[in-house]
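Breakdown of the fold
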Amino acid sequence: MELLLTVLVDGLIYAAWLFIVALGLTLVFGVLKILNIAHGSFYAIGAYAAASLVTWFATIGLAPEWSLVAMLLAAAGVAAVLGPLLERGLLRLFYGRDEVLLVLVTYALFLMLEDGVKLIWGVDPYYVSEPYSLFGNVEMGPLFYVGYDFALMGLAVICGLGVWFGLNRTTLGKIVLAVIHNPEMSASMGVNVNKVYVLAFVCGVFLAALGGAFTAPQISVQPGISVGVIILSFAVVIIGGLGSIEGAAVGALIVGLSRAAAVHLVPDAELFIVYFVMAAVLVFRPEGLFVRAQARKI
């Protein structure tokens, strides 16, 4: 029973931050139809920006609670700067082109952003300790967990519900859904499709940066963290179905629980298990657990 509880909790904690990042990836694909390889770089930049801003807040003497505000501001700043700049300045030039070309463009963007991160922050690791102790410890039977991990799970739920509510229960969300279904018809009805594309991309960047910012206290922020994240995020959205919020949630849970089970039961298979699960799903459901018709509804 103790082992089962450990696998369950560890899996949920791992799935929480992964869902936040994958949610941005699947949102961008749902609206812009772009498989954005540079998404992992936005995660890394969010982590670096949060580490820098949290450190600065501590330097000027603000209370540790302000570190949460710092991480949120860091994610928002990354989205506000990079989102419109990259979507309007680069990606829009390739809309309507072959999907393979868009993948190559975002891969090139990923490489440039990786070098940019090294130029700005260097190659030494950054550590963010202030937020990690804010929520104390949580006792679950014989197990003890850091409360921050559970707060991150709450943030994942808020992000998922927020995106779902925004798309399905607001006027702006209905406009976005109309563009997802038929951008040409939406444009003929007076919808500014370009603004919808910018908004969707900015939201995707924000979610990636938010995941990076709030994961920063759990990891060593250093070059290379974007590579593993983008691979795992693609695994999540492929398992769940490209463009589906529900699929991203289910995919993150499957990946998180599978990895946790492998870590505790078969440690040597930790890296292999995610790809095995993804391959197993694709054998029986090539379109993912949520089919494209559902994914278009987000």
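Reading the values: the criteria
- Every residue gets a number counted from 1 within its own chain, in the order that chain's sequence is written.
- Only residues with pLDDT of 70 or above have their local features reported here, since the model is predicted, and side-chain atom pairs are shown and tallied only from 80 upward, although totals for entire chains, interfaces and linings are computed over all residues.
- Excluded from the side-chain calculations are hydrogens and water; all other atoms, namely the structure's heavy atoms, are used.
- By the criteria applied, helices consist of DSSP H or I runs no shorter than four residues and strands consist of E runs no shorter than two, each listed in order from the N terminus.
- The reference for a compact globule is 2.2 Å times residues^0.38; the radius of gyration itself is calculated from the C-alpha atoms.
- Here, residues are in contact when the closest pair of their heavy atoms is within 4.5 Å.
- Shrake-Rupley sampling with a 1.4 Å probe provides the accessible areas, and residues are treated as covered by the protein chains on show and by no other component.
- To define a nonpolar core, start from buried Ala, Val, Leu, Ile, Met, Phe, Trp, Tyr and Cys residues and group those joined through side-chain atoms within 4.5 Å.
- Using a 1.4 Å probe on the protein chains alone, a residue whose accessible area is under 20% of its type maximum counts as buried, one over 50% counts as exposed, and one in between counts as partly exposed.
- Each aromatic pair joins two rings of Phe, Tyr and Trp (for Trp, the six-membered one) with centres within 6.5 Å, and gets the label stacked for planes under 30 degrees apart, edge-to-face for over 60, and tilted for any other angle.
- Charges are assigned to positions over rings by a cutoff of 6 Å between ring centre and Lys NZ or Arg CZ, combined with an angular limit of 35 degrees from the ring normal.
- UniProt positions are given in the numbering used here, feature names are shortened, and annotations may be inferred rather than shown by experiment.
- Orientation is described by axes fitted as lines to C-alpha atoms, over the contacting stretch for helices, and by angles from 0 to 180 degrees between their N-to-C directions.
- Orientation labels follow simple angle bins: below 35 degrees gives roughly parallel, above 145 gives roughly antiparallel, 65 to 115 gives roughly perpendicular, and whatever is left gives oblique.
- Two helices that cross are described as forming a left-handed crossing if the nearer one is turned anticlockwise from the farther one by less than a right angle, and a right-handed crossing if clockwise.
- The salt bridge definition used is simple: a Lys or Arg side-chain nitrogen within 4 Å of an Asp or Glu carboxyl oxygen.
- Pairing of N or O atoms within 3.5 Å defines a polar contact, subject to two protein rules: one partner must be a possible hydrogen donor and the other a possible acceptor, and residues neighboring in sequence count only if both atoms are side-chain atoms.
- Expected span of a helix, by definition, is 1.5 Å for each gap between consecutive residues, and there is one gap fewer than residues.

Quick look at the overall build of the chain now. When its secondary structure is counted, the chain shows 12 helices and 2 strands. Each helix (α) and strand (β) of the chain, taken in turn from the N terminus, gives the series α-α-α-α-β-β-α-α-α-α-α-α-α-α. Relative to the 2.2 N^0.38 estimate, which gives 19 Å for 298 residues, the radius of gyration of the chain is 19 Å and therefore close to what a compact globule would have. A fraction of 78% describes how many contacts in the chain between residues 6 or more apart in sequence connect residues 24 or more apart. Accessible surface for the chain amounts to roughly 13,800 Å². Of this, 70% is attributable to carbon and sulfur atoms.

Turning next to the nonpolar core. Counting residues in hydrophobic clusters, the biggest one holds 98 residues, and the most contacted among them are Trp17, Ile20, Val31, Leu32, Phe42, Phe201 and Phe214. The dominant element in this core, judged by the number of residues it contributes, is helix α1 (residues 2-32), at 17 residues. Beyond its immediate chain neighbours, meaning those up to four positions away, Trp17 contacts Tyr43, Leu152, Thr215, Gln218, Val229 and Leu232.

Attention shifts here to the packing of aromatic side chains. To describe a pair of aromatic rings, one takes the distance between the centres and the angle between the planes. Using the criterion set out here, one finds 12 aromatic pairs in the structure. For the ring pair Phe42 and Phe201, a centre distance of 6.0 Å and an interplane angle of 90° mean the geometry is edge-to-face. Here the residue Phe42 occupies a position in helix α2 (residues 39-59), and Phe201 occupies one in helix α8 (residues 193-215), the gap between them amounting to 159 residues. Take Phe42: its relative accessible area is 0%, and that puts it in the buried class. On the basis of relative accessibility, which here comes to 1%, the residue Phe201 falls in the buried class. Members of the aromatic cluster, joined through ring pairs, are Tyr14, Trp17 and Tyr43. Between the NZ or CZ atom of Arg259 and the centre of the ring of Tyr14, over which it lies, the distance is 4.1 Å.

Moving on, we get to the UniProt feature "transmembrane region" (unreviewed entry) in the chain. As recorded in UniProt, the sites labelled "transmembrane region" (unreviewed entry) are residues 12-35, 42-62, 68-87, 99-123, 143-167, 196-215 and 272-291. For the annotated span residues 12-35, helix accounts for 88% and strand for 0% of the residues, and the straight-line distance between the end C-alpha atoms is 26 Å. Each end of residues 143-167 is marked by a C-alpha atom, and these two atoms are 39 Å apart; helix forms 84% of the span and strand 16%.

For the pair α2 and helix α9 (residues 225-240), interaxial distance at closest approach is 8 Å and the crossing angle is 130°. One way to sum up the angle between α2 and α9 is to call them oblique. With respect to the hand of their crossing, α2 and α9 are arranged in right-handed fashion. Facing α2, whose interface residues are His39, Gly40, Ser41, Tyr43, Ala44 and Ala47, α9 presents Ile225, Ser226, Val229 and Ile230.

So, about the pattern of salt bridges. Within this structure, the stated rule accounts for 3 salt bridges. The closest approach of N and O atoms between Glu87 and Arg88, which form a salt bridge, is 2.6 Å. Arg88 gets classed as partly exposed once you look at its relative accessible area, which sits at 26%. Two residues, Arg259 and Glu270, come together in a salt bridge whose shortest N-O distance is 3.3 Å. Of this pair, Arg259 sits in helix α10 (residues 245-265) while Glu270 sits in helix α11 (residues 270-284), and the two are 11 residues apart along the sequence. A relative accessible area of 22% places Arg259 in the partly exposed class.

The next subject is the environment of Arg285. Secondary-structure assignment places Arg285 in the loop between α11 and α12 (292-296). Arg285 gets classed as partly exposed once you look at its relative accessible area, which sits at 31%. Separated by 230 residues in the primary sequence, Arg285 and Thr55 have C-alpha atoms spaced 46 Å apart.

It is worth spelling out the side chain of Asn36 at this point. Position of Asn36 among the secondary structure elements: in the loop between α1 and α2. There is a polar contact of 3.1 Å between the side chain of Asn36 and the backbone nitrogen of Ala38. Non-local contacts of Asn36, meaning those with residues more than four positions away in its chain, are made with Leu25, Phe42, Thr106, Phe201, Ile230 and Phe234.

The next subject is α8. Counted at 1.5 Å a residue, the expected span for α8 with its 23 residues is 33 Å, and the 33 Å between its end C-alpha atoms agrees. By the criterion of burial, α8 is predominantly enclosed, with 18 of the 23 residues buried.

A few words now on unusual backbone geometry. Positive phi is not limited to glycine here, since Lys33 has a value of about 60°. Relative to the helices and strands, Lys33 resides in the loop between α1 and α2.

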